[in-house]
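Structure assessment
Single-letter residue listing:
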Amino acid sequence: MKKIILFLFSLSLISAQKVSLIGTVLDSKNEEPLIGANVIIQSKKLNTGGATNFEGFYKIDNLSLDVYKVKVTYIGYKDFESSITLTDQTEGEFTYNIKLDISSIMLDEYVVTASRGRREKITDAPAAISIISELKIRSASNANLGDYFKNIKGVDFTSSGLDSYNISARGFNSSFSSRLLTLTDGRMANVPSLRLIAYNVIPLSSDDVSQIEVVLGPSSALYGPNAHAGVVNIISKRPSESLGTTVGYTTGDRSFNKAQVRHAGQISNKLSYKMSFVNFTANDWEYIEEDEKKAHFAPWLNDDSDLADLLDGYLEDGLAWWDGWDLKIDRDGDGTVDTVYSKNDNLVKDRNGDGLNDIPDFKIKNQRFDIRLDYDFSDDHFTSFNFGQAKATNLNITGIGRYQANDWVYRFYQARWVYKNWFAQAYLNTSNSGKTSNLRTGGIVTDRSTFFHFQFQHSKE
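For clarity, every value in this text was computed on a predicted model and none was experimentally measured.

The rules behind the values
- Residues numbered from 1 in each chain as written.
- Predicted model: local features only at pLDDT ≥ 70, side-chain atom pairs only at ≥ 80, totals over all residues.
- Heavy atoms only, no water.
- Buried < 20%, exposed > 50% of the residue type's maximum accessible area, 1.4 Å probe, protein only.
- Helix = DSSP H or I, 4+ residues; strand = E, 2+ residues; numbered from the N terminus.
- Pairing = 2+ DSSP bridges.
- Salt bridge = Lys/Arg side-chain N within 4 Å of Asp/Glu carboxyl O.
- Axes fitted to C-alpha atoms, helices over the stretch in contact; angles between N-to-C directions.
- Core = buried A, V, L, I, M, F, W, Y, C linked by side-chain atoms within 4.5 Å.
- Contact = heavy atoms within 4.5 Å.
- Patch = residues over 30% accessible without salt bridge, like charges linked within 9 Å, V, L, I, M, F, W, Y side chains within 5 Å.
- Areas by Shrake-Rupley, 256 points an atom, 1.4 Å probe, with all protein chains shown as cover.
- Lys, Arg positive; Asp, Glu negative; His and termini not counted.
- Charge placed at Lys NZ, Arg CZ, Asp CG, Glu CD.
- Arc of directions from axis to C-beta.
- Phe/Tyr/Trp six-rings, centres within 6.5 Å; stacked < 30°, edge-to-face > 60°.

Glancing now at the pairing of strand 20 (residues 271-283). Here strand 20 shows one buried face, formed by Ser272, Lys274, Ser276, Val278, Phe280 and Ala282, and one open face, formed by Leu271, Tyr273, Met275, Phe277, Asn279, Thr281 and Asn283. Of the strand pairs in this sheet, strand 19 (residues 256-266) and strand 20 are connected by 10 bridges, and their pairing is antiparallel. Counterpart to Val261 in the pairing with strand 20 is Phe277. Between strand 19 and the antiparallel strand that follows it, strand 20, lie 4 residues. In this sheet, strand 24 (residues 363-378) lies alongside strand 20 in antiparallel orientation, the contact comprising 13 bridges. Across the sheet, residue Tyr273 finds its bridge partner in strand 24, namely Leu373.

Take the pattern of salt bridges next. Side chains carrying opposite charge are able to pair once their charged atoms draw close together. Tallied over the full model, the rule gives 17 salt bridges. Between Glu134 and Lys237 there is a salt bridge whose closest N-O contact spans 2.7 Å. One end of the pair, Glu134, is in helix 2 (residues 134-138); the other, Lys237, is in the loop between strand 17 (230-236) and strand 18 (244-252), with 103 residues separating them in the sequence. For Glu134, a relative accessible area of 30% translates into the label partly exposed. Of the residues examined, Lys237 reaches a relative accessible area of 12% and is grouped as buried. As a salt-bridge pair, Asp147 and Lys150 come within 3.1 Å of each other at their nearest N and O atoms. Judged by its relative accessible area of 11%, Asp147 falls in the buried class. Residue class for Lys150 comes out partly exposed when judged on its relative accessible area of 43%.

Taken together, 3 strands build an open sheet; the order of strands is 21-22-23 and the sheet is antiparallel. Of all the strands in the sheet, just strand 21 (320-323) and strand 23 (339-341) have a single pairing partner and so form its edges. Ignoring which end each strand starts from, the neighbouring axes of this sheet average 25° apart. As paired elements, strand 22 (residues 326-329) and strand 23 share 3 bridges and run antiparallel to each other. Bridging across to strand 23, Lys328 finds its partner in Val340.

Moving on, we come to the sheet that holds strand 2 (residues 38-42). The sheet built from 4 strands is open, its strands ordered 3-2-5-6 with antiparallel pairing. Strands with a single pairing partner mark the edges of an open sheet, and in this sheet they are strand 3 (47-51) and strand 6 (80-85). Shown here is a sheet whose adjacent strand axes are inclined to one another by a mean of 20°, direction ignored. For strand 2 and strand 5 (residues 67-73), the ladder comprises 5 bridges, and the chain directions are antiparallel. Across the sheet, Asn38 pairs through a bridge with Thr73, a residue of strand 5.

Here Glu31, not a glycine, exhibits a phi torsion of approximately 55°, which is positive. Topologically, Glu31 is positioned in the loop between strand 1 (18-27) and strand 2. In this structure Glu31 comes out as partly exposed when scored by relative accessible area, which is 45%. The backbone of Asn62 sits at a positive phi, close to 60°, despite the residue not being glycine. Looking at the element boundaries, Asn62 is found in strand 4 (residues 57-64).

Once that is clear, we can look at the nonpolar core. The biggest cluster of nonpolar side chains holds 22 residues, and the ones touching the most others in it are Phe149, Ile202, Ile212, Val232 and Ile234. Those elements that place two or more of their residues in this core are strand 13 (164-169), strand 16 (209-216) and strand 17. Ranked by residues supplied to this core, first place goes to strand 16 with 4 residues. The residues touching Ile234, leaving out its near neighbours within four places in the chain, are Leu145, Thr182, Leu183, Thr184, Asp185, Ile202, Leu204, Val209, Gln211 and Ile212. Ranked by size, the runner-up nonpolar core spans 20 residues in total, among them Val25, Ala37, Leu63 and Val70.

With that settled, the discussion passes to a negative patch on the surface. Together, Asp303, Asp304, Asp306 and Asp309 line one region of the surface with negative charge. For Asp306, the location among the structural elements is in helix 5 (residues 306-316). When its relative accessible area of 65% is taken as the criterion, Asp306 is described as exposed.

Taken as a whole, helix 5 has its buried residues at Ala308, Leu311, Tyr314 and Leu315. The arc that holds the buried residues of helix 5, viewed along the axis, is 125°, so those residues lie on one side. Turned more than 90 degrees off the buried face of helix 5, the exposed positions are Asp306 and Glu316. Those residues of helix 5 that are buried are in contact with helix 4 (290-295), strand 21, strand 22 and strand 23. Gly318, located one to two residues past helix 5, shows a positive phi value of around 80°.

Scanning the entire structure with this criterion turns up 13 aromatic pairs. Centre to centre, the rings of Phe149 and Tyr199 are 5.5 Å apart; their planes meet at 45°, and the pair counts as tilted. With Phe149 in the loop between helix 2 and strand 12 (155-161) and Tyr199 in the loop between strand 15 (187-188) and strand 16, this pair connects stretches of sequence that are 50 residues apart. The exposure classification of Phe149 matches that of Tyr199, with both residues buried. With centroids separated by 5.8 Å and ring planes inclined at 35°, the aromatic side chains of Trp300 and Trp322 adopt a geometry described as tilted. Of this pair, Trp300 sits in the loop between helix 4 and helix 5 while Trp322 sits in strand 21, and the two are 22 residues apart along the sequence.

The following block contains the structure:
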């Protein structure tokens, strides 16, 4: 009986004994201490750790006698993993020194493709380049792709509505900027008749974008006209490399509603396809210019009339003001309204008598659809066929006043062939302005423009 009690007492002493794990973490080459290295100790019952001090020393107390897994991590060095067995130590400490090997830090590498087929690393590119990655694009659901440029260095971004943006670079900002060439998969994405980029009619969903490259600086020598300030290259995902279905819905203030769906699949090992659709609606900010009001208010229909001159004088002197659409006049300046020209009696909705309402419509409607078919002969040989359409209704600011885009339809057809260093493509851009009108005059804008492009290229590199 005494032997059993003595054995149990000895066992309790062993199990209750605690050990401190100490040691240093050093660089394996120069044996310099590594400050702040994380030392993690794990067993079936315990998960603890510590960090090294300015001398590379660490200490972890109160460890039971057990088998532990040791892991040490430090930025710029390879992770260290090993196991130790703590036994009964005379002084209650177990020394375990560790040396770490330097490891290169692998960062994401972006390859710039906007240089007319030539691929180069972003670090080797001679111009200032910014990359908008897929992660950044998918982390925010914007009305259209133009909204992703607002935080790019060197880019002047101006929002003129929930679905309308003006983007330029190198200080040449204007309401109708055409100096920043925009490409989508190598296709010039501008409106044929105007040369400008209307990002709300680029028929591409944000879920279908692989990355956006912004190359700043004069680039007309490489890309031709419209690249005075730089180039934007929007690259979509290849169907075979992005299979599956993605559905998204966003809502917010001002009746903001955006629904989009993208699907990519394979018909065979070589034939793949994708399609995407976006439907966006919202209520834009309700602002009407004073000149737009005058153009639709009966007293100003004849600009040379005495009444029009009189009212202009009151407005200039601060004796008249617009209360919404009602014009209120304080003729003697005593603070009391003497005359009111009400909206109901004086509003002329059809300014030019063409049978169409010329009053601004603040309801935004935008539908975009695109489809693509790829045939992969091999890893470096494929053909691609694309079709896209966008239909937009929104307000646009120009250098000669605001315009109401009403069912503006933009379409494109594109075919590409790529084989190693050989490249060929042909595409057709078309534009149909629908019933777009000038909000001051009511005049209809007629645009039935087309742009055809063919390109053949071979690089020896």
